[in-house]
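Architecture at a glance
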Amino acid sequence: MKVKFNNQEISFLKEILADTAFFALASRLKENEEIDIDDDIADEIRDLCGDEEVAEVQKAEEMGMVITARGRTAADLVDRLYQ
């Protein structure tokens, strides 16, 4: 799967992948540079993003707020990594 990430997405990925085997991948990402990600790795990253999306939605609901930029970033990445 070929994907490009912006700086906000790269920062988000570095944060959520910090303690995983995929951090090396995240640390090599450059803004708007197309990279080829193995489908299995895309699935793993998408699952982690999905977990973050759910956590952000729940936090927003508890606080009576709309979803945060972090939650939107997670949702966008989940959608993109399904392609």
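Our subject in this report is the structure included herewith. Computed from a prediction, not measured in an experiment: that's the story for all the values here.

Quick notes on the rules
- Residues numbered from 1 in each chain as written.
- Predicted model: local features only at pLDDT ≥ 70, side-chain atom pairs only at ≥ 80, totals over all residues.
- Heavy atoms only, no water.
- Axes fitted to C-alpha atoms, helices over the stretch in contact; angles between N-to-C directions.
- Helix = DSSP H or I, 4+ residues; strand = E, 2+ residues; numbered from the N terminus.
- Parallel < 35°, antiparallel > 145°, perpendicular 65-115°, else oblique.
- Left-handed = near helix turned anticlockwise from the far one by under 90°.
- Contact = heavy atoms within 4.5 Å.
- Nonpolar A, V, L, I, M, F, W, Y, C, P; charged D, E, K, R; others polar.
- Phe/Tyr/Trp six-rings, centres within 6.5 Å; stacked < 30°, edge-to-face > 60°.
- Lys NZ or Arg CZ within 6 Å of the ring centre and 35° of its normal.

For the rest of this paragraph, the subject is the packing of helix 3 (residues 39-63) against helix 4 (residues 69-81). Following both chains from N to C, one finds helix 3 and helix 4 inclined at 150°, their axes separated by 8 Å at the closest point. Compared by their axis directions, helix 3 and helix 4 come out roughly antiparallel. The two elements helix 3 and helix 4 cross, and the hand of that crossing is left-handed. Across from Ala42, Ile45, Arg46, Cys49, Gly50, Glu52, Glu53 and Glu56 in helix 3, the residues of helix 4 making contact are Arg70, Gly71, Ala74, Ala75, Leu77, Val78 and Leu81. Here the residues of the contact of helix 3 with helix 4 sort into eight nonpolar, two polar and five charged.

Let us now look at the packing of aromatic side chains. On inspection of all chains with the given rule, the structure shows zero aromatic pairs. Sitting over the face of the ring of tyrosine 82, arginine 46 holds its NZ or CZ atom 3.9 Å from the ring centroid.

Moving on, we get to the environment of aspartate 47. Position of aspartate 47 among the secondary structure elements: in helix 3. Distance in space between the C-alpha atoms of aspartate 47 and leucine 81 is 9.6 Å, their sequence separation being 34 residues.

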